[in-house]
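Observations on chain architecture
The residues making up each chain are set out below.
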Amino acid sequence: MANFIEKLKNKFKIKKFDSDQPIGAWVFVLLLNIVGFAGYFYMKLNNIHLGG
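The following refers to the structure shown. Throughout this document, residue positions are counted from 1 along each chain, in the order its sequence is written. In keeping with the predicted nature of the model, local features appear solely for residues at pLDDT of at least 70, side-chain atom pairs appear and are counted solely at 80 or more, and the whole-chain, interface and lining totals rest on all residues. Side-chain metrics rest on all non-hydrogen atoms present in the structure, leaving aside hydrogens and water.

All right, on to the overall build of the chain then. What the chain contains, in helices and strands, is two helices and zero strands. C-alpha atoms define the radius of gyration, and 2.2 Å times the number of residues to the power 0.38 defines the globule rule. Radius of gyration (C-alpha) of the chain: 19 Å, far over the 10 Å computed for a compact globule of 52 residues. Its C-alpha atoms give the chain principal-axis dimensions of about 50 × 35 × 15 Å. Think of it in three bands: with a 1.4 Å probe and only protein chains considered, a residue is buried below 20% of the maximum accessible area for its type, exposed above 50%, and partly exposed in between. Burial status across the chain gives 0% buried among its 52 residues. Here the Shrake-Rupley method, with its probe set to 1.4 Å, supplies the accessible areas, and only the displayed protein chains count as covering residues. Working note: accessible area of the chain is about 5500 Å², and carbon and sulfur atoms make up 70% of it. Strands are runs of DSSP state E lasting at least two residues, helices are runs of H or I lasting at least four, and both sets are numbered from the N terminus onward.

Time to look at a nonpolar patch on the surface. A cluster of nonpolar side chains, contributed by Met1, Phe4, Ile5, Leu8 and Phe12, occupies part of the molecular surface with about 600 Å² of accessible area. Assessed through its relative accessible area of 75%, Met1 is described here as exposed. Two joining distances apply to patches: 9 Å for like charges and 5 Å for nonpolar side chains (Val, Leu, Ile, Met, Phe, Trp, Tyr), and every residue must have over 30% relative accessible area and no salt bridge. Salt bridge, as applied in this entry: a Lys or Arg side-chain nitrogen positioned within 4 Å of an Asp or Glu carboxyl oxygen.

Further remarks concern unusual backbone geometry. At Asn47, a residue that is not glycine, the phi angle is positive and equals roughly 50°. As for its position among the elements, Asn47 is in the segment after helix H2 (23-45). Residue Asn47 is classed as exposed on the basis of its relative accessible area of 59%.

Moving on, we come to the packing of aromatic side chains. Two rings from Phe, Tyr or Trp (for Trp, the six-membered ring) form a pair when their centres sit within 6.5 Å of each other. Planes less than 30 degrees apart are called stacked, planes more than 60 degrees apart edge-to-face, and all others tilted. Evaluated as defined, the whole model comprises one aromatic pair. On the basis of an interplanar angle of 70° and a centroid distance of 5.2 Å, the ring pair of Tyr40 and Phe41 is categorised as edge-to-face. Given the relative accessible area of 45%, Tyr40 is considered partly exposed.

This part takes up H2. Three- or four-residue spacings in an α-helix give side chains the same orientation, since the helix completes a turn every 3.6 residues. In this model H2 runs 33 Å from its N-terminal to its C-terminal C-alpha over 23 residues, within 8% of the 33 Å that 1.5 Å per residue would give. Residue Asn47 follows H2 closely and has a positive phi angle near 50°. In a helix, the anticipated span is given by 1.5 Å times the number of residues less one.

By themselves, these figures tell us nothing about what the structure is for.
Next up, the structure:
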């Protein structure tokens, strides 16, 4: 049981940010998600339904 808990801790441990990864790509992904959620809420507020 202790081994299982240790594995679970290691799985959810926050890893250090890899400096080799391009920051611009992460910024693009985050902005794209924000735009997507904003569009979703805009359509919900204005009762716009797609397909159906």
